[in-house]
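Here is what each chain is made of, one letter per residue.
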Amino acid sequence: MDFFSSKPAAPAVTTLPPDLFDTTTLVSLAATVAIVAVAYGASCLALKKGTSTALRFLFIWHLSDALCHFILEGSFLYHCFFSFVPARSREAKGLFPSAHNYLGYGATRIYGPQSAPENPFAALWMVYARADKRWAGADLGVISLELLTVFFDGPVALYVAYLISKGSPKASFWMIILATCELYGGFMTFCPEWLVGNVNLDGSNFMYMWVYLVFFNMLWVFIPLYAVYYSYNDITHAFTVRDSKKKN
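Residues numbered from 1 in each chain as written. Predicted model: local features only at pLDDT ≥ 70, side-chain atom pairs only at ≥ 80, totals over all residues. Heavy atoms only, no water.

Naming follows an unreviewed UniProt entry, where the protein appears as Putative Emopamil binding protein of [Torrubiella] hemipterigena. Its UniProt record, at the heading Sequence similarities (unreviewed entry), says of the protein: "Belongs to the EBP family." According to the UniProt record, the Subcellular location (unreviewed entry) comment for the protein is "Membrane". (UniProt positions renumbered as here; feature names shortened; annotations may be inferred.)

Here it is in structure tokens:
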């Protein structure tokens, strides 16, 4: 069993889901590309000539990170708090029930992106939910993490991008703080699934496994690790310079 899928190894010939590359999926993937494009455009306007490639990359990453947290994950939280259908309604059939007494409504409402299929942001999350069912409804663990992600990580990522644009040495400190939060959040996202055999994950095809679960989540592992590496070197260099001045 691997970390992301509890399903047995697929046979040599498999039937792919008919909605694997539907319009909603393509638009959702294009939205993430658009966020990166906006961040790159902002880097061309905000950064001074001669800015190192590493800092330009980190500026683009942190601005993209902030936009992703605010726009995409912010929309997820919105649907978890404000989109619902009555639990006994026809629309509720087949949906994932909300936790007992969620928001004080007991078992009378079902929340999450699944409750607003006509909304484009909800539809985006339902695409991702094909690989991780928790993002279809109002999973308490996911919501708890996303509250911190949207209201803490998002502003800090935006602040880091601002500090980089101003050439402030404070950027390195805040990059370490944010990277630690991102890494911890990633672990807490998947560890509950690993402990129960990945019952909510579907890695049965390349798109679900390697694009949704691995690629999109590993970005928030390897790039934060690089941010820590860069910031560590920057801070230790500053102390080295300070110590050399003291000796002189």
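Peer 1: Help me understand the environment of Ile35 in this model?
Peer 2: If you trace the backbone, Ile35 turns up in helix H1 (residues 23-46). Measuring from C-alpha to C-alpha, the distance between Ile35 and Phe57 comes to 14 Å, with 22 residues separating the pair along the chain. Setting aside its immediate chain neighbours within four residues, Ile35 contacts Ser64, Leu67, Cys68 and Leu72. (Helix = DSSP H or I, 4+ residues; strand = E, 2+ residues; numbered from the N terminus. Contact = heavy atoms within 4.5 Å.)

Peer 1: Just checking my understanding: could you explain empty space enclosed by the protein for this structure?
Peer 2: Where empty space is left in the structure can be found by rolling a water-sized probe over the atoms. Scanning the model with the defined rule gives one cavity of 30 Å³ or more in all. The computed volume of the largest cavity comes to approximately 30 Å³. In terms of lining residues, the largest cavity is bounded by Trp61, His62, Met175, Leu178, Ala179, Glu182, Pro224 and Ala227. Contributions of two or more residues to the lining of the largest cavity are made by helix H2 (53-82), helix H5 (170-195) and helix H6 (206-247). With four residues, the single largest contributor to the lining of the largest cavity is H5. Looking at the lining of the largest cavity residue by residue, the class counts come to six nonpolar, one polar and one charged. (1 Å grid on protein atoms, 1.4 Å probe; cavity = no way out; pocket = protein on both sides within 12 Å on 5 of 7 lines; lining within 4 Å. Points joined across faces, edges and corners; volume = space filled by probe spheres on them. Nonpolar A, V, L, I, M, F, W, Y, C, P; charged D, E, K, R; others polar.)

Peer 1: Which parts of the structure should I look at to understand H1?
Peer 2: One turn of an α-helix holds 3.6 residues; hence residues three or four places apart share an orientation. For H1, which comprises 24 residues, the first-to-last C-alpha distance of 34 Å matches the rise-based estimate of 34 Å (1.5 Å per residue) to within 8%. When H1 is considered as a whole, its buried residues turn out to be Thr25, Ser28, Ile35, Ala39 and Ser43. On its buried face, H1 sits against H2, helix H3 (120-128) and H6. (Expected span 1.5 Å × (residues − 1). Buried < 20%, exposed > 50% of the residue type's maximum accessible area, 1.4 Å probe, protein only.)

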